[in-house]
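Secondary and tertiary structure notes
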Amino acid sequence: MSNLVADSLLAGISAKLVHVSNEIRALSANVQSIEQASASLQIQLTSLTADFHQFVQHDAAHKEMAISETRLVRVRQQLETEYGFYAEIRRRATGILQASDLAIVRQETMRSSTEEAMINAPGYWLAPALVALSAWIADKRELAQKALLEAMRRDDCKTSLLMTLVCRRLGRHDASRAWLVRYFALQDPFKLDRDVIVLVDALASGVFGAASLAKSHEAIAAWLSEIGNRVGVIEEQRARWSAAIQGMRLAAPSSHYPYLEKYSPTWPRLRDGLLGVGINGTFGDKVSQMFGGEVVLSPRLVERVDGLVDGLVTNYDDKELPLRRQERRLELVIESGGDRAKADARFAVENEAYVEQSSFIAVLTNAAMGIGVGDLSRATQRLAFALSVAWIIEAYDDVVADVRAKQPGTIDLAIDDWAGTTTDGGNETALLGDVEDHINARETADYARLNAMTFWWPAVVAGVCVVLAIVNRSALTLWLVLAVLFGVGQGIKYVMRINTMKRLRAHYASRREAGASIVKALCAEVVDLREEVTCEDARAESVRTMLTEIRSGEHVGATADPGRRIVA
Amino acid sequence: MPRPLLRPSTSEAPLTSSSATAPKLKALTGDALTARLRVKRSAAYMAELAKLDAGTHGINREAALALVDAVRAEFPELTMDQLPLGIVAKCYLGEPFEVHILDIAGGIVTHYRRGEPMPGGLEKARSIAVNPYYAFVEVYATTVRAVRADGSVTVTEI
């Protein structure tokens, strides 16, 4: 009877234990599922935050664009309102010259037209210059001189330059040279008006005769020498070129290195290094583009001079400069898609082109970079670049050295809690061994912890119960039941331990496999990355060679004078 | 009128100067110092510094001191604190050596293995020193000046 009761009790307890074990397993599964859900939620939340930030940025950029577009229209309207009448007078400059060539406009019409301009534009240098021009054409010497004096009083430099060009156009070589000499005499190479670029343009376009050309070369050489001897001026331009070249780095690397991105703490520096060496290609392409192909100049001298006169009278009026500066800032904000920081960085490089006076080399830098008011011809840009090439090379060298200095020598790798380093991916075997050793050590430690946690107390208690059953026969059944109970408990514990060990073994086997494959992928990427960096870095030397071969004399335009060629 | 950058000024020379045999040079500061340090290095200096990788200076103190003298001769107008802290160059002794340094103050040449950190601020010049396009790197307190084989100088702020 007592045996039957004991059997039934044991069966009941055993069923309950199985039930408890199932419940624990189900609970464990639920916890796992909650963990997964939480991880997934975390990923979604991160993605949502990133999307939100992107939206905020996009919205701000969109608003900035809209505001800039509206302001740009207003600034252009203001330019039109305040200086619109200048445009009318400017058109007359080449108009008068061409009308005089064709002799189809009455001198009286020219005279009244220029006098009207004089009345409509008080204080503007070009109005008396045009009166002088029309008086000259009409052979009214006294009026011409009087008007010319007024034009020189209003703006001596521009008037001298205009007369240099006009005399050259009319074939008055001596007069042209005399005006040019006067123009040079007025200049301080540290404080030049922006219109000096017209002179460079004239050189590049080949409009000067031999005497004027020689004078220009002499003056430019003297300016460059004087500037070179004053500490700080070239440094400033070199810094501008460095900033401009640095600005040519791409926004993202052209190649992808997903494993390094994920498993290398050095990735931000590696990425920076990749973007840095990318500058060589971008800058090299820009230089090749600038100097590639032939610049086609008009075969007629008058057309070249008319282009220069147009440029001189249109682009270099300082009164318009504050509005032109605003206009350019707004244009850059629009070009940068509403990114004000990017636009400000670009304007910081261009800012020098919107100041009234600057050094000759600053003017050359502006022209070579193609920045400032008005479009410069490619020939002018080439000549300005060629004249500045010495400090462009220095600036480029600095950028290249900076990029080289920042290339990380050692690349850190981190997979979970394992960390290793490589320089060129050549230590793959050692890294593989290290990862395996690390995982093995973790596995051994986990097994040891599991063994330490496995307490055999249910078996001990069961043994004690058996001993008590033998000693105390009156409660034999109770002790036996308890002994069986603890024995079964120990059995369940043992089975669970076996399962945990199996899971651990599978987990570490998969970690070993994944670790090895990640290390192999990382080493392959390091090899590729180093090759890419070496290859792009080598381009710096070819770009440098290309720069050192640029000679300013080769970019002085051939003169349109019949039978005469300029040899620089 | 163009003015020479480094012209000893007679008016600024001390009245009791003992520079009858060696004229005293005006100390350079600011932009003038920066510009001076960018001047292309002389052929004699380049030839002397090329001996840095002769493989013997690590033990030959006299030769190392001769290199220090060459550095001081190249920059006669610089004060001791304006001279480079050291010269770092790629080491061609082969693996495991990667770079070597000429310690200007100590007058010694030391070779460093790959990954072995260099003392003071010289470590910052390692990446650029191992680049084959530079003959050597002069390390100053706030700049690193990489010198090409033709003597041209490139400046990196650190």
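Here is what the cut-offs are and how they apply
Residues numbered from 1 in each chain as written. Chains lettered and ligands numbered in written order. Predicted model: local features only at pLDDT ≥ 70, side-chain atom pairs only at ≥ 80, totals over all residues. Heavy atoms only, no water. Helix = DSSP H or I, 4+ residues; strand = E, 2+ residues; numbered from the N terminus. Buried < 20%, exposed > 50% of the residue type's maximum accessible area, 1.4 Å probe, protein only. Contact = heavy atoms within 4.5 Å. Areas by Shrake-Rupley, 256 points an atom, 1.4 Å probe, with all protein chains shown as cover. Rg over C-alpha atoms; globule rule 2.2 N^0.38 Å. Patch = residues over 30% accessible without salt bridge, like charges linked within 9 Å, V, L, I, M, F, W, Y side chains within 5 Å. Salt bridge = Lys/Arg side-chain N within 4 Å of Asp/Glu carboxyl O. Axes fitted to C-alpha atoms, helices over the stretch in contact; angles between N-to-C directions. Parallel < 35°, antiparallel > 145°, perpendicular 65-115°, else oblique. Nonpolar A, V, L, I, M, F, W, Y, C, P; charged D, E, K, R; others polar. Core = buried A, V, L, I, M, F, W, Y, C linked by side-chain atoms within 4.5 Å. Phe/Tyr/Trp six-rings, centres within 6.5 Å; stacked < 30°, edge-to-face > 60°. Expected span 1.5 Å × (residues − 1). Left-handed = near helix turned anticlockwise from the far one by under 90°. pLDDT = per-residue confidence, 0-100. Buried area = accessible area lost by both parts, 1.4 Å probe. Polar contact = N/O pair within 3.5 Å; in protein donor to acceptor, adjacent residues only side chain to side chain.

**Details of the overall build of chain B**
A tally of helices and strands in chain B yields four helices and six strands. Put simply, chain B runs from its N terminus to its C terminus through helices and strands in the order α-α-α-β-β-β-α-β-β-β. Buried residues in chain B amount to 42% of all 158 residues. Relative to all contacts within chain B whose residues are 6 or more apart in sequence, the contacts with residues 24 or more apart total 47%. Summing over all exposed atoms, chain B offers an accessible surface of approximately 8,400 Å²; the carbon and sulfur share of this is 58%.

**A closer look at the overall build of chain A**
For chain A, the helix and strand inventory stands at 19 helices and four strands. Relative to the globule expectation of 24 Å for 568 residues, the C-alpha radius of gyration of chain A, 42 Å, shows a markedly less compact shape. Here chain A, with 568 residues, has 44% of them falling under the buried criterion. Restricting the contact set of chain A to residue pairs at least 6 apart, pairs at least 24 apart contribute 77%. Accessible area for chain A stands at about 29,200 Å²; split by element, carbon and sulfur atoms hold 57% of it.

**Thoughts on the environment of A149(B)**
Residues and elements named next belong to chain B. With respect to the helices and strands, the residue A149 is situated in the loop between β5 (143–147) and β6 (153–157). Taking the C-alpha atoms as reference, A149 lies 9.2 Å from A50; in sequence the two are 99 residues apart. Other than its neighbours up to four places away in sequence, A149 contacts M46 and A135.

**A word on a nonpolar patch on the surface**
All names here are of chain A. Taken together, the side chains of W456, V460, V464, L468 and Y494 present a nonpolar region at the surface, about 460 Å² in accessible area. Element by element, the count of residues in the nonpolar patch is highest for helix α18 (residues 457–471), at three residues. Structurally, W456 can be placed in the loop between α17 (428–453) and α18.

**Considerations on the packing of helix α4 (residues 141–154) of chain A against helix α5 (residues 156–169) of chain A**
Residue and element names in this part refer to chain A. Orientation of α4 relative to α5, taken along the N-to-C sense of each, is 130°, at an axis distance of 5 Å. Between α4 and α5, the angle is such that the two are oblique. Two secondary-structure elements touch here, α4 through L148, A151, M152 and R154 and α5 through D156, T159 and M163. The residue makeup of the contact of α4 with α5, split by class, is four nonpolar, one polar and two charged.

**Considerations on the nonpolar core**
Judged by nonpolar contacts, the single largest core of 114 residues is most densely connected at L126(A), L162(A), F283(A), F360(A), F385(A), L547(A) and V88(B). With 16 residues, helix α16 (residues 378–405) of chain A is the largest single contributor of residues to this core. Core analysis: the second largest hydrophobic core is formed by 28 residues, I411(A), L431(A), Y508(A) and V519(A) among them.

**Considerations on the packing of aromatic side chains**
Remark: the centre distance and the inter-plane angle together describe each pair of aromatic rings, the angle taken between the planes. Residue and element names in this part refer to chain A. Under the definition given, this model contains 11 aromatic pairs over all chains. Taken together, a centroid distance of 6.5 Å and an interplanar angle of 70° make the contact between Y124 and W125 edge-to-face. Assigned by exposure class, Y124 and W125 land together as buried. Ring centres of W223 and F360 lie 4.9 Å apart, and the angle between their planes is 65°; this geometry places the pair in the edge-to-face category.

**Remarks on helix α3 (residues 126–137) of chain A**
Residues and elements named next belong to chain A. When the terminal C-alpha atoms of α3 are compared, their 16 Å separation across 12 residues agrees well with the 16 Å that a helix rising 1.5 Å per residue should span. When you tally the buried positions in α3, you get 10 out of 12 residues, the bulk of the element. Residues L126, A127, P128, A129, L130, V131, A132, L133, S134 and A135 constitute the buried set of α3. Phi turns positive, to about 65°, at D139, one or two residues after α3.

**Observations regarding the packing of helix α11 (residues 267–291) of chain A against α16(A)**
Residue and element names in this part refer to chain A. As a packed pair, α11 and α16 sit with axes 11 Å apart at the nearest point and diverge in direction by 165°. Relative to α16, the element α11 lies roughly antiparallel. The chirality of how α11 crosses α16 is left-handed. The residues of α16 that touch α11, namely those facing G273, G276, V277, I279, N280, F283, V287, Q289, M290 and F291, are R378, Q381, R382, F385, I392, Y396, V399, V400 and V403. Looking at the contact of α11 with α16 residue by residue, the classes come out as 12 nonpolar, five polar and two charged.

**Some points on the confidence of the model for chain B**
Residue and element names in this part refer to chain B. Residue-level pLDDT values for chain B average 77, and 80% of them are 70 or greater. Long-range and interchain partners of residues 1–22, a stretch whose pLDDT sits below 50, account for 15 contacts in this model, where long-range means more than four residues apart. ipTM for the predicted complex: 0.75, alongside a pTM of 0.74.

**A look at unusual backbone geometry**
Residues and elements named next belong to chain A. Phi is positive for D139, which is not a glycine, with a value near 65°. Counting through the fold element by element, D139 comes out in the loop between α3 and α4. In this structure, D416 takes a positive phi of about 50° despite not being glycine. Judged by its relative accessible area of 63%, D416 falls in the exposed class.

**Section: the pattern of salt bridges**
All names here are of chain A. Taken as a whole and assessed by the stated rule, the structure comprises 36 salt bridges over all chains. For E320, the salt bridge identified is with R324, shortest N-O distance 3.1 Å. For E320, a relative accessible area of 3% translates into the label buried. Given a relative accessible area of 21%, R324 falls into the partly exposed group. The closest approach of N and O atoms between E443 and R512, which form a salt bridge, is 3.0 Å. Of this pair, E443 sits in helix α17 while R512 sits in helix α19 (residues 476–548), placing them 69 residues apart in sequence. Its relative accessible area of 9% is what places E443 among the buried residues.

**A closer look at the interface of chain A and chain B**
Each partner contributes residues to the interface: chain A has 22 residues there, and chain B has 19 residues. Together chain A and chain B conceal approximately 1,800 Å² of surface at their shared face, both sides included; 48% is due to carbon and sulfur atoms. It is N229(A), V231(A) and R404(A) that lose the most area in chain A upon contact with chain B, and together they represent 28% of the buried surface on that side. Between the two partners, chain A and chain B, sit three salt bridges. Of the charged contacts, one joins R148(B) and D397(A) as a salt bridge, the two residues approaching to 3.8 Å between their closest N and O atoms. Across the contact surface, chain A and chain B share seven residue pairs in polar contact (both at pLDDT 80 or more). Listing elements by their share of the side of chain A that touches chain B, those giving two or more residues are α8 (210–228), α9 (233–246), α16 and α19 of chain A. At eight residues, α16(A) tops the list of elements feeding residues into the side of chain A that touches chain B.

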